[in-house]
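Coordinates in review
Spelled out from the first residue to the last, the chains are:
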Amino acid sequence: MTPTRRNLCMGAAAFSAAPSAVLAASRVLTPDKTRAAQAIAAAADWSLATEDVEGDIAPRALRLVHGRTPEGLSGSLYRNGPAKFRRPGGSAGHWFDGDGLIRRWRIADGQASLAARFADTPKRRQESEAGAMLTPGFGTAADPRARIGSADDASPANTSIHKVGGRLWALWEAGSPLAMDPETLETQGFVTLRPDLKAMPFLAHPRIEPDGRIWNLGVNGRQAMVWRLAADGGLEDAEVIALPRASYIHDFSATARHLVIVLQPWVHARQIAPLAAGFDWTPEAGTQVLVVDKADLTQRRLYELPPFGFFHVGDAWEEAGGAIRFDLCAHKDMTFAARGAGQILSGLPMNHQPAELAMVVLSPDGRGRLERTGVTAEFPRSDPRRAGRTRRFSLHTTGERVDRPLASAVAVTDWSSGRTRSFDFGPGHVADEMVYVPRSGGAHEADGWLIGPTINLRAGVSELHVLDLLHIEDGPVATWRADVALPASFHGNWA
C-alpha cells in the first residue's frame, strides 16, 4: 500500500505521548483539590519522581561520592522524560503528558557532569504563553484554547532520545522526531523524513541493527507505517501494512530477518479524547504476535498467546531451527495506563500489580508460548551490539511493589541459567532504566557496564551510577551526585 498522510495521520483526539509506566508523584488537579492532593502526596516518599522542573539545568559538575571511574569509560548518557505537568491555569491529567526534558549525563576524563534542557515544542510554547496545559494527550483532555494543526503541534517530545547521525532525536509516538543539538541540547526542529510524510507517527522505540540501520513503526488503528532508515537518519523506505487489530503499541522488536509486533488485547474502540479513554481491555481476544519478513512485508505469520498487557519488549533473535525468542515485561492488564498513572500523578493512592519478566517463544510450527519468570521487571535492555542476534543477558529494573509503583533496584537476568541477580538501592531511591555500555576493549557480552540514574529521595538529589554486569549484586563501582533532583525519566541511550 502506498503510504500517504491521508491514510495514516492521526486526528487531534488521538494525539498521545506514551512511555512506560512505573513511577509516581504529587500533583494538583484543580484548585479546589489542592489541599487534599498535597496531603496525600506529603505521605509519599517518592514525590520527587514527578515534581515539576521550572527551567533548563545549566551544565554542572557532579561530585564523586563512591568508588572511582572505570578506566576507559567515556561518553554521554542521554535521557528523556516528562518534567513539567502543572500550570496555574490547568495541569496535565496524566503522567505521560508532561513536557519532555532531555538530560545529558557525561563521563569524560574521570569526571562526570549533568545538563538538561526542555524540548522547545509548539506545545510547550503555547502552554507557557497561556499559563495552562492545553494540549490533548494520552490522558489529558483537550482545552478549547489549544491550537492543533498537526500531531507535531501536540508533541511533548518526552519519551526517548536517540543519537542519529550528528543530531539527537527526541521521540514521542504520534508525530515526527524532534532534532536537538547533542552538545547544547538546543532544539533544531521537527524532522521531516519525506515531504508527503510530514508529521506522520514515529514510535519512541525504533529497533537499530548493529550496522546502524533503523527500523520503526508509526501506528494508527489497524494500520502501521514501517519505516526503514539509514544509520544517518536518511529515509530508505516507508510502507503501510495492515494489522489484525487496533492494539495499543508502544514498542516492538526485531530479529535480523523479521519485525516482531505484539498485539495486546487493549484495543482502540472509539475516537475520543483523551486517547486512553478510547481503548477497551478485551482479554477474551488473547494476545497475538505478528511476525513480518523485513525483506518482503507481505510475508507474515500470526501467533496466538494468552492475554497480557505490555509496554516494553527486549531485542528478539532467531535460533538455528527457526524459533524466535524475545523477552518482555507482561502486565496483568492495562489499568495503569488507563487510570493508574493519572491517579498517581494526582497524589491518589492505588494498588498496581507490577509487570513480570517473561520470554516469548514462537515455534516454526506456528505455536507460541509465554514463559513467565516470576521476576518483577520493567525497561528490558541488552547489549546493542547483539540487536537481533542470539544473546544471554537482559538488564531491567526491579524492586517495584504493589503499594509503591516505582523501581528501587536494577537486575540482570541470565537466560542461559535462568538466574536473576540484582542490586537494590533501597526504598530511599527511585531507579530509572539503565543502559548497557560495552567495557573498553571488551568483546564478550559479559564485558559490560550498567549505567543510569536514580533519585536519592532522602538527599533530595539525582545520582548517576555505574555497575559491573557480572558483579551487579556488589552495587555501583562509581556514584556521582548532582546538586539538583530531576524527576524520573523514561528512556535513554549511550553515545
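In what follows, the accompanying structure is described. Note that the structure is predicted; figures quoted are calculated from it, not measured.

1. Some details on the overall build of the protein chain
Helix and strand counts for the protein chain come out as four helices and 34 strands. For 495 residues, the compact-globule estimate of 2.2 N^0.38 gives 23 Å, and the protein chain sits close to it at 21 Å. Seen along its three principal axes, the alpha-carbon backbone of the protein chain occupies a region of about 55 × 55 × 40 Å. The buried share of the protein chain, reckoned over its 495 residues, is 61%. Relative to all contacts within the protein chain whose residues are 6 or more apart in sequence, the contacts with residues 24 or more apart total 61%. Once the 54 positive and 56 negative side-chain charges of the protein chain are each reduced to a mean point, those two points are 2 Å apart.

2. Topic: empty space enclosed by the protein
Across all of its chains, the model carries four cavities of 30 Å³ or more by this definition. Roughly 70 Å³ of volume is contained in the largest cavity. R79, R103, W105, D432, P453, T454, I455, S462, L486, P487 and S489 are the residues that line the largest cavity. Counting residues per element, the ones that place at least two in the lining of the largest cavity are β4 (100-108) and β31 (448-456). Class assignment of the residues belonging to the lining of the largest cavity gives a composition of five nonpolar, three polar and three charged. Around the second largest cavity, the lining residues are G175, S176, P177, V191, T192, L193, L197, K198, A199, M200, F202 and W227. Its residues assigned to classes, the lining of the second largest cavity shows eight nonpolar, three polar and one charged.

3. What to know about the layout of surface pockets
One number sums up the size of the largest pocket: a volume of about 870 Å³. Looking at the largest pocket, it is lined by 40 residues, and the ones nearest its centre are H162, I208, R381, P384 and N493. Counting only elements with at least two residues in the lining of the largest pocket, the list comes to β6 (160-164), β10 (207-208), β20 (309-313), β25 (378-381), β30 (435-438) and β34 (491-494). Take the lining of the largest pocket: its biggest share by element is five residues, from β6.

4. Topic: helix α4 (residues 335-345)
Here α4 has its buried residues at F336, A337, G340, A341, G342, I344 and L345. Tucked inside the fold, the buried residues of α4 contact β16 (266-268) and β20.

5. With respect to the packing of aromatic side chains
Here the structure, examined in full by the defined rule, presents 14 aromatic pairs. Above the face of the F118 ring, R124 is positioned so that its terminal group lies 3.7 Å from the ring centre. The side chain of R439 reaches across the aromatic face of W449, ending 4.2 Å from its centre.

6. What to know about the pairing of strand β22 (residues 324-331)
Of all eight residues in β22, eight are buried, a share of seventy percent or more. Every second residue of β22 is oriented toward a common face, with I324, F326, L328 and A330 on one face and R325, D327, C329 and H331 on the other, all of them buried. In the sheet, β20 pairs with β22 via three bridges, with the strands oriented antiparallel. Residue pairing in the sheet places F310 in a bridge with A330 of β22. Taken together, the two bridges between strand β21 (residues 317-318) and β22 define a ladder with antiparallel strand orientation. Residue pairing for β22: E318 is matched across the bridge by I324. Strand direction decides the pairing type here: β22 and strand β23 (residues 356-362), joined by seven bridges, are antiparallel. When the sheet's bridge partners are listed, F326 is paired in β23 with V360.

7. Remarks on the pairing of strand β9 (residues 187-190)
Here three bridges tie strand β8 (residues 178-180) to β9, and the two strands are oriented antiparallel to one another. Bridged to M180 within β9 is T187. Linking two consecutive strands that pair antiparallel, namely β8 and β9, is a turn of six residues; a positive phi of about 65 degrees is found at L185 within it.

8. Some remarks on the environment of L470
Topologically, L470 is positioned in the loop between β32 (461-468) and β33 (478-481). Relative accessible area serves as the criterion here: at 39%, L470 is assigned to the partly exposed category. Along the chain, L470 and T390 lie 80 residues apart, while their C-alpha atoms are 19 Å from each other.

9. Re the pattern of salt bridges
Pairing between side chains of opposite charge can happen when their charged atoms approach one another. Applying the stated criterion across every chain yields a total of 36 salt bridges. Between R125 and D120 there is a salt bridge, and its shortest N-O distance comes to 3.2 Å. Looking at R125, the relative accessible area reads 45%, which means it is partly exposed. What you see here is one network of salt bridges that share partners, running through R87, D99, K123, R124 and E127.

10. Topic: the sheet that holds strand β15 (residues 258-263)
Strands sit in the order β14-β15-β18-β19 across an open sheet of four strands; the sheet is antiparallel. Edge positions in the open sheet fall to β14 (253-254) and β19 (300-305), since each of these has one partner strand only. As paired strands, β14 and β15 are joined by two bridges and run antiparallel to one another. Looking across to β15, one finds that S253 is bridged to V260.

11. Details of the environment of N80
In this fold, N80 is placed in strand β3 (residues 75-82). In this structure the C-alpha to C-alpha distance between N80 and S489, which are 409 residues apart in sequence, comes to 5.5 Å. A distance of 3.0 Å separates a polar side-chain atom of N80 from the backbone oxygen of A157. A polar side-chain atom of N80 sits 3.0 Å from the main-chain carbonyl oxygen of S160.

The rules behind each value
Residues numbered from 1 in each chain as written. Predicted model: local features only at pLDDT ≥ 70, side-chain atom pairs only at ≥ 80, totals over all residues. Heavy atoms only, no water. Helix = DSSP H or I, 4+ residues; strand = E, 2+ residues; numbered from the N terminus. Rg over C-alpha atoms; globule rule 2.2 N^0.38 Å. Buried < 20%, exposed > 50% of the residue type's maximum accessible area, 1.4 Å probe, protein only. Contact = heavy atoms within 4.5 Å. Lys, Arg positive; Asp, Glu negative; His and termini not counted. Charge placed at Lys NZ, Arg CZ, Asp CG, Glu CD. 1 Å grid on protein atoms, 1.4 Å probe; cavity = no way out; pocket = protein on both sides within 12 Å on 5 of 7 lines; lining within 4 Å. Points joined across faces, edges and corners; volume = space filled by probe spheres on them. Nonpolar A, V, L, I, M, F, W, Y, C, P; charged D, E, K, R; others polar. Phe/Tyr/Trp six-rings, centres within 6.5 Å; stacked < 30°, edge-to-face > 60°. Lys NZ or Arg CZ within 6 Å of the ring centre and 35° of its normal. Pairing = 2+ DSSP bridges. Salt bridge = Lys/Arg side-chain N within 4 Å of Asp/Glu carboxyl O. Polar contact = N/O pair within 3.5 Å; in protein donor to acceptor, adjacent residues only side chain to side chain.

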